[in-house]
2 protein chains.
Amino acid sequence: MQQKSGRRSNRDRTEATRADLIAAARKLFTEKSYAETGTPEIVAAAGVTRGALYHHFADKQALFAAVVEQEAAVVAEEIERASPPSLFARDALIAGSDAYLAAMRAPGRTRLLLLDGPAVLGRAAMDEIDNRHGNRTLREGLVAAMRAQSMVKLPVEALTALFAAAFDRAALAVDAGASADDYRAVLMALIDGLSPVPHQAPRPARTR
Amino acid sequence: MQQKSGRRSNRDRTEATRADLIAAARKLFTEKSYAETGTPEIVAAAGVTRGALYHHFADKQALFAAVVEQEAAVVAEEIERASPPSLFARDALIAGSDAYLAAMRAPGRTRLLLLDGPAVLGRAAMDEIDNRHGNRTLREGLVAAMRAQSMVKLPVEALTALFAAAFDRAALAVDAGASADDYRAVLMALIDGLSPVPHQAPRPARTR
DNA sequence: TTATTAACATACAGGCTGTATGTATGCAAC
DNA sequence: GTTGCATACATACAGCCTGTATGTTAATAA
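Residues numbered from 1 in each chain as written. Chains lettered and ligands numbered in written order. Predicted model: local features only at pLDDT ≥ 70, side-chain atom pairs only at ≥ 80, totals over all residues. Heavy atoms only, no water.

Looking at an unreviewed UniProt entry, chain A carries the name Putative transcriptional regulator, with the source organism given as Mesorhizobium metallidurans STM 2683.

Encoded structure:
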């Protein structure tokens, strides 16, 4: 057994260093913004030098992309864990949206994923990341709802993107201090609005 | 009459220089991104020096804010010009959304207003700007629709924000090459989804 | 064992931002 | 109209940051 500073395989070293860099960067990128965080600060927090950073990542943007990727995965995981697959597509959709809003309350997460992410990496790259993680569940939920006849048929890509956009903005607003209830109510109204016949199943009287 | 290089009043000089800087910055910010555009490049394009820039603007961000402000005003103006006030709230809403999508096809506008803007100035600042220009019309349209009983009652702020978010994402997607028809169809479905179905009892909805 | 490559650390070269300083011109008071 | 101050800049400077080039040590393949 080799000690911390003993001899380690190259693969272990790489893995550990990359993880340290991503963790340090994640912390700083969520505390401050991408632009306000310098690489000297990141490597200091990670306990390495800029040489290590530029050995493992092409540039600052690539490190940022890795952080975003990881964070998106964490969010997706939190959603899947928090929202058990419901029998009714509509309920699953709502549970998922609640879970998303809850997950996005982690400090700095909205800025990282919803502001800096799109600006630094571009919408296309963010779409690609989102589709690989969180949005996948959303799209599947929407498709399921459409198949179950509980939602009118619409272009899937566009529908997913616009719902995702609404969820994102809601997360931003709630994070900024807006009423979560208000945004939740509108989101539910948007979902229910797409149900083909009048209005979905008897809604459990929300009237307190 | 004094010539271009003759003696001009200070107020005229200030006005002209500020306008030149904003125009040059707008051009570069739409061609490239905020981060990729340096102040040396901007002042060169404007025909002044960095001294002038920092005399008139606190920093690069302040100049960017001025550009965004102006561009948002232009978009709002294009919308109002293109969408005649319709008798029916729903039609006005759709006309406005079409006008918005059309206006946002101007090169670089989506990145300026929808990506760099929020990232550089923050969502709160962008909301403030939007509410002063484009979103105002949207909110009024929604309120009118709700008043006309052609839309269920929902919290106005949240409703406006989420619709704006959907429009924004649609503009981004269309600008990126997605099918405008698809996004238009979903947007219309979302709008129509909120209209209380004729033969449907008015649902108890809380206002604000 | 030796050769090669990976994993860094260190040193360096621009470029950019914001500020400090200098200068000429408009403008207001006398 | 001259004097004095403020405005509108231009120029010069300091600090930081990014990306690259180079050097060194340790792992791994031959």
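Next comes the rest of the write-up.
1. Comments concerning the protein's contact with DNA strand D
To keep it simple, the criterion reads: Proximity is defined per residue: any heavy atom of the residue falling within 4 Å of a molecule or strand makes that residue near it. Whenever a nitrogen or oxygen atom comes within 3.5 Å of another N or O atom, the pair is scored as a polar contact, on the condition that within protein one atom can donate a hydrogen and the other can accept it, and that pairs from neighbouring residues in sequence are kept only if both atoms are in side chains. Strands here mean DSSP runs of E at least two residues long; helices mean DSSP runs of H or I at least four residues long; both are numbered from the N terminus. Here the nonpolar group is Ala, Val, Leu, Ile, Met, Phe, Trp, Tyr, Cys and Pro; Asp, Glu, Lys and Arg are the charged ones; every other residue, Gly included, is treated as polar.
Lining the immediate environment of DNA strand D, one finds 22 residues, of which A:T39, A:R50, A:Y54, B:T14 and B:T49 sit closest. Sugar and phosphate atoms constitute 71% of the interface atoms of DNA strand D, taking the interface as everything within 4 Å of the protein. At 2.9 Å from a phosphate oxygen of DNA strand D is found a side-chain nitrogen or oxygen belonging to B:H56. Elements with a contribution of two residues or more to the surface near DNA strand D: α2 (39-46) and α3 (50-56) of chain A together with α1 (10-31) and α3 (50-56) of chain B. In terms of residue class, the surface near DNA strand D is made up of four nonpolar, 12 polar and six charged.

2. Here we look at the UniProt feature "DNA-binding region" (unreviewed entry) in chain A
Note the threshold: UniProt positions are given in the numbering used here, feature names are shortened, and annotations may be inferred rather than shown by experiment.
UniProt's entry tags residues 38-57 of chain A with the feature "DNA-binding region" (unreviewed entry), counted in the numbering of this structure. Note that residues 38-57 of chain A is 75% helix and 0% strand, and that its end C-alpha atoms are spaced 15 Å apart.

3. Quick notes on the domain arrangement of chain A
Residues and elements named next belong to chain A. Note the following rule: Domain start and end points were adopted from an automatic or database domain assignment. We call two residues in contact whenever any of their non-hydrogen atoms come within 4.5 Å of each other. The term buried area means the drop in 1.4 Å probe accessible area that two parts suffer when joined, counted for both and summed. Salt bridges are defined as contacts in which a side-chain nitrogen from Lys or Arg sits within 4 Å of a carboxyl oxygen from Asp or Glu.
As far as domains go, chain A holds domain 1 (7-57) and domain 2 (60-208). Using only C-alpha atoms to locate each centre, domain 1 and domain 2 end up separated by 30 Å. Across the boundary between the two partners, domain 1 contributes 17 residues, which contact 15 residues of domain 2. Buried area between domain 1 and domain 2, both sides added, is near 1,400 Å², and the carbon and sulfur share of it is 69%. The tally of links from domain 1 across to domain 2 stands at one salt bridge. Salt-bridge contacts for R26 lead to E71; the nearest nitrogen and oxygen are separated by 2.9 Å. Put simply, domain 1 and domain 2 have eight residue pairs in polar contact (both at pLDDT 80 or more) between them. At the level of secondary structure, the elements contributing two or more residues to the side of domain 1 that touches domain 2 comprise α1 (10-31), α2 and α3. Here the side of domain 1 that touches domain 2 takes seven residues from α1, the largest share from any one element. Considering only residue class, the side of domain 1 that touches domain 2 consists of 10 nonpolar, four polar and three charged.

4. Description of helix α9 (residues 156-175) of chain A
All names here are of chain A. For clarity, the cut-off: Residue count minus one, scaled by 1.5 Å, sets the expected span of a helix. Type-normalised accessible area, obtained with a 1.4 Å probe on protein chains alone, sets the label of each residue: buried when under 20%, exposed when over 50%, and partly exposed for intermediate values.
Relative to the 28 Å expected for 20 residues at 1.5 Å per residue, α9 spans 28 Å between its end C-alpha atoms, a close match to the ideal helical length. Of all the 20 residues making up α9, 17 are buried; the element is thus mostly covered by neighbouring parts of the structure. Phi turns positive, to about 110°, at G177, one or two residues after α9.

5. Some points on the interface of chain B and chain A
Contacts between the two partners involve 35 residues from chain B and, on the opposite side, 36 residues from chain A. Here chain B meets chain A over a buried area of about 3,100 Å², counting both sides, of which 71% is carbon and sulfur. Across the chain B-chain A interface, the total number found is two salt bridges. A:R169 is the partner of B:D168 in a salt bridge, and the nearest nitrogen-oxygen pair spans 2.7 Å. Between the two partners, chain B and chain A, sit two residue pairs in polar contact (both at pLDDT 80 or more). For the side of chain B that touches chain A, the elements supplying multiple residues, two or more each, are α6 (109-121), α7 (123-132), α9 (156-175) and α10 (180-193) of chain B. No other element matches the 13 residues that α9(B) contributes to the side of chain B that touches chain A.

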